[in-house]
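Residue strings, one per chain:
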Amino acid sequence: MRIAVDTKRPAVFLDRDGTLIEDVGYLASLTRLQLIPWTIDVIRALNRAALPVVVVTNQSGVARQYFAEAFVQETHRAIDARLAAGGAHVDAYYYCPHHPDGKLPEYAVACDCRKPRSGLIDRAARDLTLDPSRSFVVGDSWGDVGLARAVGARAVLIRTGTGGMAAQHPRSGLTADAVADNLAAAASWILMRC
Ligand SMILES: [Mg+2]
Ligand SMILES: [Zn+2]
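For clarity, every value in this text was computed on a predicted model and none was experimentally measured.

Taken in spatial order, the six strands make up an open sheet running β3-β2-β1-β4-β5-β6, and their pairing is parallel. Both outer strands of the open sheet, β3 (92–96) and β6 (178–180), are each paired with one neighbouring strand and no more. Between one strand axis and the next, the sheet turns by 25 degrees as a mean value, whatever way the strands run. Looking at chain direction, strand β4 (residues 136–139) and strand β5 (residues 154–158) are connected through four bridges and run parallel. Paired with phenylalanine 136 across the bridge in β5 is arginine 154. Across the sheet, helix α4 (residues 142–151) is in contact with β2 (53–58), β4 and β5; its angle to β5 comes to roughly 175 degrees.

Here's what the structure looks like:
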C-alpha cells in the first residue's frame, strides 16, 4: 500500500542510450551493453541527494521488430545489476516501444509516450508522486529537450552519444537550459539548482 504523500517531489529524468549507456544504434544484445564510465558515480550522487532518478527512453526497436519488449526489460535489469555493484540505483524505468512506422501492428501507433511527447513522464509523475515542473530532463537529443518543454521541466542537453551533433544543429523553437559535456557535468548543474 502506498503511503499518502501530499508533497510532489522533483526528479531527474534521464535518457538511456547515449546518456547512461553507449549509443550503439539499436541495442539488441547485452554483449553490446556498456555503461558510460561516470554513470554509476553520477547516479550514486543523485541518489545521495535524495533525487528520484527515472529513466525515460524511446525503444522503437520493439515496434520495428529488432528486439522484443522483454529484451528491453532484460536490459534494464542488467543496467540495474551494474549500478547495484557500485551502490547506485535507478528508481524506475519507463520506455516507449511504439513507432508509427513499426512492423508490428500492436506497436505501430501514434502514441502519447514517444518522446518528445509527455506520456512517459506523465506516468512516472503519477506513479511516484513527482512534480515535473520542478524536475530536470537530461539527454543527448532534441527530443529530450522537447520532452522537458512538454512537461515544464528544465532541460540539459549533453554532448555524449548523438549530443555532439545535436548541439551543433540547433532546433528552431527549442532551447536547452544548459548544454553540458556529459552526464557528470549535467548532474553538477542540477545539484546546484535543487
Ligand atoms: Mg539518447
Ligand atoms: Zn509510445
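Mean pLDDT over the chain works out to 96, with 97% of the residues at or above the 70 mark. Averaged pLDDT values over the elements of the chain bottom out at 96 in helix α5 (residues 163–168) and peak at 99 in strand β1 (residues 12–14).

Their axes nearest at 9 Å, the elements helix α1 (residues 39–48) and helix α6 (residues 183–191) cross at an angle of 15 degrees. Classified by the angle between their axes, α1 and α6 sit roughly parallel to one another. Judged by the twist between their axes, the crossing of α1 over α6 is left-handed. Between α1 and α6, the residues in contact are Thr39, Val42 and Leu46 and Leu183, Ala184, Ala187 and Leu191, respectively.

Applying the stated criterion to the full structure yields seven salt bridges. The partner of arginine 16 in a salt bridge is aspartate 17, with the nearest N and O atoms 2.6 Å apart. Among the salt bridges present, the one from arginine 159 reaches aspartate 181, with a minimum N-O distance of 2.6 Å. Taken together, the residues span a long stretch of sequence, with arginine 159 in the loop between β5 and α5 and aspartate 181 in the loop between β6 and α6 at a distance of 22 residues. One connected set of salt bridges, linked through shared partners, spans Asp15, Lys115 and Asp144.

Each value, and the rule that gives it
Residues numbered from 1 in each chain as written. Chains lettered and ligands numbered in written order. Predicted model: local features only at pLDDT ≥ 70, side-chain atom pairs only at ≥ 80, totals over all residues. Heavy atoms only, no water. Pairing = 2+ DSSP bridges. Helix = DSSP H or I, 4+ residues; strand = E, 2+ residues; numbered from the N terminus. Axes fitted to C-alpha atoms, helices over the stretch in contact; angles between N-to-C directions. Contact = heavy atoms within 4.5 Å. pLDDT = per-residue confidence, 0-100. Parallel < 35°, antiparallel > 145°, perpendicular 65-115°, else oblique. Left-handed = near helix turned anticlockwise from the far one by under 90°. Salt bridge = Lys/Arg side-chain N within 4 Å of Asp/Glu carboxyl O.

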